[in-house]
Amino acid sequence: QARLVESGGGLVQSGGFLRLFCAASGIFLSINTICWYRQAPGKQRELFAVISSGGTITYADPVKGRFTISRDNAKNTVYLQMSSLKPEDTAIYYCHSVASLYDSHWGQGTQVTVSS
């Protein structure tokens, strides 16, 4: 059974950094498009980083230049390196794998809290 598990979240001061992990089992991340979403309290879930199966990477403007998405196919893991963190980055962070319209999976999320 396919499963995604996020980890690496925590509490960090403004300007700090964190590295999130999205580890997969039951599916191969290398043949999926992997998306990172986040959801802040009272707000809608927001898509902010994507890495396609072909390696094309896209970022939303709020994180461009600060966050880096990458993938290690051998470890079947996608990473999100976050730097220059701001209080407005506080949210639950989710990874989402998409192989097709009918084949996608979500992780359970990891909390990131940035203090001012």
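Notes on the structure follow.

Remarks on the overall build of the protein chain
Okay, step 1: Check the secondary structure of the protein chain and you find 0 helices and 11 strands.
Okay, step 2: When the elements of the protein chain are put in sequence order from the N terminus, they spell out β-β-β-β-β-β-β-β-β-β-β.
Okay, step 3: Relative to its length of 116 residues, the protein chain is compact, with a C-alpha radius of gyration of 13 Å against a globular reference of 13 Å.
Okay, step 4: Oriented by its inertia axes, the alpha-carbon framework of the protein chain measures out at about 40 × 25 × 25 Å.
Okay, step 5: A buried classification covers 41% of the 116 residues belonging to the protein chain.
Okay, step 6: Contacts spanning at least 24 positions in sequence make up 51% of the contacts within the protein chain whose residues lie at least 6 apart.
Okay, step 7: Within the structure as shown, the protein chain displays about 6200 Å² of accessible surface, and the carbon and sulfur contribution to it stands at 52%.
Okay, step 8: Of note, the protein chain has its 10 positive side-chain charges centred 3 Å away from the centre of its 7 negative side-chain charges.

Digging into the state of the cysteines
Okay, step 1: Evaluated as defined, the whole model comprises 1 disulfide.
Okay, step 2: Across the disulfide, Cys22 is cross-linked to Cys95 (sulfur-sulfur distance 2.1 Å). Looking along the S-S bond of the Cys22-Cys95 disulfide, the torsion reads about 70 degrees, which is the right-handed sense. Of this pair, Cys22 sits in strand β3 (residues 18–25) while Cys95 sits in strand β9 (residues 91–100); the two residues are 73 residues apart in sequence, bridging distant segments of the chain. For the pair Cys22 and Cys95, a shared accessibility class is recorded, and that class is buried.
Okay, step 3: Of all cysteine sulfurs, the one in Cys95 lies closest to Cys35, which takes part in no disulfide; the gap is 9.7 Å.
Okay, step 4: By relative accessible area, which is 7% here, Cys35 ends up buried.

Topic: the side chain of Asn76
Okay, step 1: Inspection of the secondary structure assignment puts Asn76 in the loop between β7 (67–72) and β8 (77–82).
Okay, step 2: Of the polar contacts made by the side chain of Asn76, one reaches the backbone nitrogen of Leu29; its length is 2.8 Å.
Okay, step 3: Apart from the residues within four sequence positions on either side, Asn76 is in contact with Cys22, Ala23, Ala24, Ser25, Ile27, Phe28 and Leu29.

Here we look at the pairing of strand β11 (residues 110–115)
Looking along a regular strand, one sees the side chains alternate between the two faces of the sheet.
Okay, step 1: The side-chain alternation of β11 yields one buried face, formed by Thr110, Val112 and Val114, and one unburied face, formed by Gln111, Thr113 and Ser115.
Okay, step 2: Examined bridge by bridge, strand β2 (residues 10–13) and β11 share 4 bridges and lie parallel to one another. Each bridged residue has a counterpart across the sheet, and for Gln13 the counterpart in β11 is Ser115.
Okay, step 3: Bridging between β9 and β11 involves 3 bridges; their strand directions are antiparallel. Along β11, the bridge assignment pairs Ala91 with Val112.

About the thresholds
- Residues numbered from 1 in each chain as written.
- Predicted model: local features only at pLDDT ≥ 70, side-chain atom pairs only at ≥ 80, totals over all residues.
- Heavy atoms only, no water.
- Helix = DSSP H or I, 4+ residues; strand = E, 2+ residues; numbered from the N terminus.
- Rg over C-alpha atoms; globule rule 2.2 N^0.38 Å.
- Buried < 20%, exposed > 50% of the residue type's maximum accessible area, 1.4 Å probe, protein only.
- Contact = heavy atoms within 4.5 Å.
- Areas by Shrake-Rupley, 256 points an atom, 1.4 Å probe, with all protein chains shown as cover.
- Lys, Arg positive; Asp, Glu negative; His and termini not counted.
- Charge placed at Lys NZ, Arg CZ, Asp CG, Glu CD.
- Disulfide = S-S within 2.5 Å.
- Polar contact = N/O pair within 3.5 Å; in protein donor to acceptor, adjacent residues only side chain to side chain.
- Pairing = 2+ DSSP bridges.

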